[in-house]
Protein chains: 2
Amino acid sequence: MKNVRHLSTGLLAPMLFLVAAALPVLAQTPDPLPSWNDGAAKAAIVEFVKATTTQGGPQFVPPAERVATFDQDGTLWVERPIYAQVTYCLERVPSVVRLKPELAKVEPFKTVLSGNREAIAKLSEQDLIKILAATLTGMPVEKFQAEVKAWLATAKDPRWKRLYTELTYLPMQEVLKYLRANGYKTYIVTGGGQDFVRVYSEATYGIPPEQVVGTAGATRFGYDKDGRPTLIKEPKLLLNDDKAGKPEGIHLMIGRRPNAAFGNSIGDQQMLEYTQAGDGARLQVLVLHDDAQREYAYGPATGLPASRIGTFTQALYDEAKARGWTVISMRNDWKRIFSFEP
Amino acid sequence: MKNVRHLSTGLLAPMLFLVAAALPVLAQTPDPLPSWNDGAAKAAIVEFVKATTTQGGPQFVPPAERVATFDQDGTLWVERPIYAQVTYCLERVPSVVRLKPELAKVEPFKTVLSGNREAIAKLSEQDLIKILAATLTGMPVEKFQAEVKAWLATAKDPRWKRLYTELTYLPMQEVLKYLRANGYKTYIVTGGGQDFVRVYSEATYGIPPEQVVGTAGATRFGYDKDGRPTLIKEPKLLLNDDKAGKPEGIHLMIGRRPNAAFGNSIGDQQMLEYTQAGDGARLQVLVLHDDAQREYAYGPATGLPASRIGTFTQALYDEAKARGWTVISMRNDWKRIFSFEP
């Protein structure tokens, strides 16, 4: 400002005109959600953030209380044709059998070792639980973390031939950053394994391990043969973080009701209901996979049935409409889906 | 600096002298632990913080990974003559019996209602668990939170006639602030009830509910008579956050090994062992209650036996010495114990 005083008044008037013309541009902050098309979904997210962060506004939420929870599979990254973690467990079966050769003749391990994809796809939930227990437990937590890290560094999705951690949705990454820039703590609340997701959540989403709530097994504290304290992963379920287990897990791990919750299936229904039941501005969002070209299409409004992976039923769609939840159409609401695509 | 150039050299020399003389004073930051006497305990804490936060140093810990865990009862506040939460449960018995009159004739409720202090003090652990289950569960989480909050606003410690939340140790409050000022996330890791401590942890210690790990029961998601989603506290134990349960709870709730851990009893032994087993600089601290005048004296070096509340055994003392843990003498290391005292 000091220099302005030295300008002749003859120069000052046009200068002020230029400054005034530039002001709207300066005042306009860059779009925090550039990969989103304008529409109801984007508007709902932006309006929620403005309502809860406008100091003195009727729906202002103090920064310490701002919590947003996100399902992972199908909400933050691709869940088809099969959850990354299930692929991990199936691929781990041979090394588990190497240590315990007697498993080779026992189901469901026999089927997995056969490599018969159709038979593997037909394994029951009970079979899958046996595979998960055998491949995810019985080792120190650090060994498990190292194994998952090594697998993620090379394993690739069959369709895009890319690392699983590259298959996150760019528009959702923008929402995570936008919420954090506005004082929200962002949490993953997943039916997947808590210890599994914690290995990559910080590098992949900027979400630290302590902000990952997931299906969790017990660990057992003890001492290894050298007397070093160690935690061994046990095949005992502590928290089944799915459906009703999601609000229960949120209470256990966070102790606050979320202000916003994002999901994509009946596994997220209760989390969204619980979120909405709080006071003040609330945001409930479901991702609808209706883009077979750029990703996948399944669930209501796609003509394709909901299936075991990513169950977005017609009933959930109806509940979303009845309760005023936001449904994201991947096809219409997202300009870009992946950061590696133009 | 601009003004300096306009000063004559005659004035500059004395000015620079004054600036140089002032530098040591300016460089000296205020003591972050003013309620501590100089000694080994204070030095160990300050050295640990310097080692782990000195950029480029061999023991530097990135800010996102800095975790410090604190037991509560006997470490952050007074635990004698009886844990605040147990007092809460005993005082809640009459209102529980009003709702379920049949309990009045059943033990241990009959003994509690008798008001016979000696008999109450002799109740078994099994009896206490029955009282805790009856007084802490069977209600929506919000109702429980409101009841605890109301109780804490009026209930007073029998010796100091002050609110329980005033009976925190000022030197430990300073350590919490000092660690946070140096990028540490501070957690409470308590054998007490997670839901109970979360009610006051933020106001009392600046520790938000999501950074309280404690003994935790299940909740059950459902709908109340008006169809509102609700979480009911269930009498089912999920995490017994004591002894081996502390490192197990830390893994479940935080997913990182602490860099520093503070406790005062055998309930904290495994947490300290687990902390020390990590790489780099580690800090393990035990509070020894050896000041009968200003607080209480119990455990080793006091001549008084360890008892059911606050069990600092001779074996734990020997382990602390053998492993190089820091033992705080309340009598010698703390200048002041409570903020309300001179």
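This is a predicted model, so every value here is computed, not measured.

The next subject is the overall build of chain A. Along its length, chain A carries 14 helices and 7 strands. When the 342 residues of chain A are sorted by exposure, 52% land in the buried category. Considering only intrachain contacts with a sequence separation of at least 6, the fraction spanning at least 24 residues in chain A is 64%. Just so you have it, chain A exposes about 16100 Å², and 57% of that area is on carbon and sulfur atoms.

In this assembly, 38 residues from chain A lie in contact with 38 residues from chain B. In this assembly, chain A packs against chain B so that about 3300 Å² is buried in total across both faces, 50% of it on carbon and sulfur atoms. In this structure, the salt-bridge partner of Arg256(B) is Glu210(A), at a minimum N-O distance of 2.9 Å. Considered class by class, the residues forming the side of chain A that touches chain B number 18 nonpolar, 8 polar and 12 charged.

On to the relation of the copies chain A and chain B. Note on the copies: chain A fits chain B at an RMSD of 0.0 Å, the axial shift is 0.0 Å, and the rotation between them is 180 degrees. Considering both components of the superposition, the chain copies are consistent with a two-fold axis. In terms of C-alpha distance to the rotation axis, chain A has Met253(A) as its closest residue, with the C-alpha 3.0 Å off the axis. Interface overlap between copies: 100% of the residues of chain A at the interface are likewise at the interface in chain B, consistent with a symmetric, same-surface contact.

The next subject is empty space enclosed by the protein. Under the criterion given, the structure shown has 2 cavities of 30 Å³ or more. In this structure, the largest cavity spans a volume of roughly 70 Å³. As for the largest cavity, its lining consists of Lys185(A), Tyr187(A), Glu210(A), Gln211(A), Met253(A), Lys185(B), Tyr187(B), Glu210(B), Gln211(B) and Met253(B). Contributions of two or more residues to the lining of the largest cavity are made by strand S2 (185-193) of chain A together with strand S2 (185-193) of chain B. Its residues placed into classes, the lining of the largest cavity shows 4 nonpolar, 2 polar and 4 charged. Of the voids in this model, the second largest cavity is the one considered here, and its volume is about 30 Å³. Contributions of two or more residues to the lining of the second largest cavity are made by S2 and helix H10 (194-198) of chain B. The class makeup of the residues in the lining of the second largest cavity is 4 nonpolar, 4 polar and 1 charged.

Per the stated rule, a full pass over the model turns up 34 salt bridges over all chains. When the shortest N-O distance is used, the salt bridge between Arg256(B) and Glu202(A) registers 3.3 Å. Of this pair, Arg256(B) sits in the loop between helix H12 (245-253) and strand S5 (260-263) while Glu202(A) sits in helix H10 (residues 194-205), each in a different chain. Judged by relative accessible area, which is 11%, Arg256(B) ranks as buried. Given a relative accessible area of 34%, Glu202(A) falls into the partly exposed group. With its nearest N and O atoms 2.7 Å apart, the salt bridge here joins Asp291(A) to Arg294(A). Overlapping salt bridges, with partners in common, bring together Lys185(A), Arg256(A), Glu202(B) and Glu210(B) in one network.

For the rest of this paragraph, the subject is the sheet that holds strand S1 (residues 67-70) of chain A. Paired through backbone hydrogen bonds, the strands of a sheet run either parallel or antiparallel to each other. All names here are of chain A. An order of S4-S3-S2-S1-S5-S6-S7 is seen for the 7 strands of this open sheet, with the pairing classed as mixed. The open sheet terminates on both sides in strands that have one partner only, identified here as strand S4 (229-239) and strand S7 (326-329). Each strand axis lies, on average, 30 degrees off the axis of its neighbour in the sheet, ignoring direction. Bridge analysis of S1 against S2 gives 4 bridges, and the strand direction is parallel. Each bridged residue has a counterpart across the sheet, and for Phe70 the counterpart in S2 is Ile188.

Residues and elements named next belong to chain B. Tracing the sequence through the fold places Asp242 in the loop between strand S4 (229-239) and H12. Asp242 sits in the partly exposed class, given a relative accessible area of 29%. For the pair Asp242 and Ala277, spaced 35 residues apart in the sequence, the C-alpha separation amounts to 19 Å.

Reading guide: rules and limits
Note on numbering: residues in each chain are counted from 1, in written sequence order. For naming, the first written chain is A and the first written ligand is 1, with later ones following in the order written. Given that the model is predicted, a residue must reach a pLDDT of at least 70 before its local features are reported, and side-chain atom pairs must reach 80 or more before they are shown or counted; all residues, however, enter totals for whole chains, interfaces and linings. Water and hydrogen atoms play no part in the side-chain values, which are based on all heavy atoms of the structure. Where helices and strands are cited, they refer to DSSP runs of H or I of at least four residues and of E of at least two residues respectively, numbered from the N terminus. Here the term buried applies to any residue with accessible area under 20% of the maximum for its type, exposed to any over 50%, and partly exposed to those in between, with areas from a 1.4 Å probe on protein chains only. Contacts were defined at the residue level, with two residues in contact if any of their heavy atoms lie within 4.5 Å. Accessible surface is estimated by sampling points in the Shrake-Rupley manner with a 1.4 Å probe; for residues, cover comes only from the protein chains shown. Once two parts are brought into contact, the accessible area they lose, counted with a 1.4 Å probe and summed over both, makes up the buried area. A side-chain nitrogen of Lys or Arg and a carboxyl oxygen of Asp or Glu constitute a salt bridge if their distance falls within 4 Å. Asp, Glu, Lys and Arg are counted as charged, while Ala, Val, Leu, Ile, Met, Phe, Trp, Tyr, Cys and Pro are counted as nonpolar; the rest, among them Gly, fall into the polar class. Copy-to-copy alignment: least squares on C-alpha atoms, limited to residues at pLDDT 70 or above in both. Within this scheme a cavity is a closed region of a 1 Å grid, computed over the protein atoms alone, that accommodates a 1.4 Å probe without allowing it to escape, whereas a pocket is open but has protein on both sides within 12 Å along at least five of seven lines; lining residues each have an atom within 4 Å of a point. Grid points are joined across faces, edges and corners, and a volume is the space filled by probe spheres set on the points. Strand pairing is assigned whenever DSSP identifies at least 2 bridges connecting the two strands. For every element, the axis is a line fit to its C-alpha atoms; helices are fit only across the contacting stretch, and the angle between N-to-C directions ranges from 0 to 180 degrees.

It is worth stressing that arrangement in space is one thing and function is another; only the former is reported here.
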